[in-house]
Amino acid sequence: MQTCTPVTWDIQYDTSPTAVRYCKKCKQKTEYISSGEFRVNAQQKNLDIWLIYKCTNCNTTWNNTIYSRVSPQQLDSSLLERFHSNDEILALQYAMNTALLRQNGSEIKLPEYQIVGDDVTLDSDLQIKIRSQYYLPIKLSSIIRRKLGLSQREFEQLYSDRRIDSNTDQDLRKARFSSEVIVNIS
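Residues numbered from 1 in each chain as written. Predicted model: local features only at pLDDT ≥ 70, side-chain atom pairs only at ≥ 80, totals over all residues. Heavy atoms only, no water.

**Q** Could you give me a rundown of the sheet that holds strand β10 (residues 180–185), with the residues and numbers involved?
**A** Strand order in the open sheet formed by five strands is β7-β1-β8-β10-β9, and the pairing between neighbours is mixed. At either end of the open sheet lies a strand with only one pairing partner, and these are β7 (113–117) and β9 (164–166). Taken over all neighbouring pairs, the strand axes of this sheet differ in orientation by 25° on average, direction set aside. Relative to β7, strand β1 (residues 5–13) is paired through five bridges, and the arrangement is antiparallel. Within β7, the residue paired with Q12 across the bridge is Q114. Each of β1, β7, β8 (126–132), β9 and β10 touches helix α4 (residues 140–148); the most contacted strand, β7, lies at about 60° to it. (Pairing = 2+ DSSP bridges. Helix = DSSP H or I, 4+ residues; strand = E, 2+ residues; numbered from the N terminus. Axes fitted to C-alpha atoms, helices over the stretch in contact; angles between N-to-C directions. Contact = heavy atoms within 4.5 Å.)

**Q** Account for the sheet that holds strand β4 (residues 46–55), with residues named and values stated.
**A** Ordered in space as β5-β4-β3-β2-β6, the five strands form an open sheet in which the pairing is antiparallel. Looking along the sheet, the strands with just one partner apiece sit at the ends: β5 (61–70) and β6 (107–109). On average, adjacent strands in this sheet sit at an angle of 45° to one another, irrespective of strand direction. Two strands pair when backbone bridges link them, and β4 and β5 are joined in this way by seven bridges, in the antiparallel orientation. Bridging from a neighbouring strand, I49 pairs with Y67 of β5. Docked against the sheet, helix α1 (residues 77–84) engages β3 (28–43), β4 and β5, running at close to 125° with respect to β3.

**Q** I'd love a proper account of the environment of S132, names of residues and values included.
**A** The residue S132 is located in strand β8 in this model. Assessed through its relative accessible area of 11%, S132 is described here as buried. A C-alpha to C-alpha distance of 29 Å links S132 and V40, two positions 92 residues apart in sequence. Each residue touching S132, except ones within four places of it in the same chain, is listed here: I11, Y13, F177 and S179. A distance of 3.4 Å separates the side chain of S132 from the side chain of Y13, its partner in a polar contact. (Buried < 20%, exposed > 50% of the residue type's maximum accessible area, 1.4 Å probe, protein only. Polar contact = N/O pair within 3.5 Å; in protein donor to acceptor, adjacent residues only side chain to side chain.)

**Q** I'd like to hear about unusual backbone geometry, residue by residue, with values.
**A** Of note, the phi angle at K27 is positive, near 60°, even though the residue is not glycine. Within the secondary structure, K27 sits in the loop between β2 (18–23) and β3. According to the relative accessible area criterion, K27 is exposed, its value standing at 62%. A positive phi angle, close to 55°, is found at N86, a residue other than glycine. Note on placement: N86 falls in the loop between α1 and α2 (88–95).

Written out as structure tokens, the structure is:
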């Protein structure tokens, strides 16, 4: 019985996703990038909290809504302080949230990414843990094919021969990558 070679691949994004939306100043759809800064506004007893984005053409700002009309008591005081101090890690977490961007009416342009980990060949059985700190809707097959240097046809053959599967029992040809998945190749 052959043993599986355990391998870990980490997905690292070059930037955060870009929001694509209409810019009133440019009079066309343009790309907006996160400024990494929050805006916290008090309306009577409620707060509005936004992550500020800037148009790449003209620097016009757009506020990506995080909280709208929320009571300050509903937020942990340390979280509220992180918004006030423009915490870089918190800003990146919200900038990487594609669901939030879509919810606020933006199209998404996904960032480039790197797959960091050992290069392997298909000569032996493999168990590959693919992980990322952030969820981005990238096809799992794209990640696997890119790192293994496989064509679409070669990947399809592996799949139809049942030589590749995952711990999630998803169709690897269609599945989107979440934060972690284990892929088995025999």
